[in-house]
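# Remarks on the overall topology
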Amino acid sequence: CTKHPRPMAFLENVNSRRVFNVVGTTLSLLMILSGCLLCATSTTFEQARDFMIGLYLVGFGLFAFLLELKPLPGISKWCPALETYFGKGFFFIFWGFLLIGRQVGLQILAVVYLAAGVCFMIAQFTVQGTPLHIMGDDKFADSKAAATLERYDRDDTGAPSAEPDPYLKAYADEPDQHP
């Protein structure tokens, strides 16, 4: 009898990571479609809230779709949580709660997003590795965006632009005083 280090070891292959990639892509496209439908069906002033949520759904659906397509340098730098299953799960749970409303279709969609968000959060602890991207997972090795980010992280002389912590700098040259 072979014991696995974790109870759900069958989820530790690339195929399960691709499944979450396909689910994320499907949810983002569904978000765009539902946003368009929500905007199209909001015709009165009382439905202005639904129209605004529809606009947000379209915008953030496009954002989520791009996030599933390829790694985005700005997101990886400024909001790395969205490059994890937990962050994506939180993102979908957030939209699930926003979609809870009076219409039955929105309530069903909200349950779908809430359930998917919980599944993504569970995947953080059961799937080994980071989420995959449709167009590949090179972390900006040859991209112009990586060169741009690298350029902004340096000053005119080519040295790193961030000053080191003065406290750490004061003690950098001292040998460790461990017993």
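So, here is what we can say about the structure in this document.

Once that is clear, we can look at the overall build of the protein. Of the regular secondary structure elements, the protein holds 7 helices and 0 strands. What you see in the protein, going N to C, is helices and strands ordered as α-α-α-α-α-α-α. In the protein, which comprises 179 residues, the share counted as buried stands at 31%. A fraction of 69% describes how many contacts in the protein between residues 6 or more apart in sequence connect residues 24 or more apart.

Now for empty space enclosed by the protein. By the definition in use, this model includes 2 cavities of 30 Å³ or more. Quantified by volume, the largest cavity comes out at close to 50 Å³. Lining the largest cavity, in full, are Phe63, Ala64, Leu67, Glu68, Lys88, Phe91 and Phe92. Broken down by secondary-structure element, the contributors of at least two residues to the lining of the largest cavity are helix 2 (48-69) and helix 4 (85-99). A per-element tally of the lining of the largest cavity places helix 2 first, with 4 residues. Taken together, the residues of the lining of the largest cavity break down into 5 nonpolar, no polar and 2 charged. Counted as a void, the second largest cavity has a volume near 40 Å³. In terms of lining, the second largest cavity is formed by Leu38, Arg49, Asp50, Ile53, Leu98, Leu99, Ile100, Gly101 and Leu106.

Reading guide: rules and limits
- Residues numbered from 1 in each chain as written.
- Predicted model: local features only at pLDDT ≥ 70, side-chain atom pairs only at ≥ 80, totals over all residues.
- Heavy atoms only, no water.
- Helix = DSSP H or I, 4+ residues; strand = E, 2+ residues; numbered from the N terminus.
- Buried < 20%, exposed > 50% of the residue type's maximum accessible area, 1.4 Å probe, protein only.
- Contact = heavy atoms within 4.5 Å.
- 1 Å grid on protein atoms, 1.4 Å probe; cavity = no way out; pocket = protein on both sides within 12 Å on 5 of 7 lines; lining within 4 Å.
- Points joined across faces, edges and corners; volume = space filled by probe spheres on them.
- Nonpolar A, V, L, I, M, F, W, Y, C, P; charged D, E, K, R; others polar.

This is a description of form; function is not addressed.
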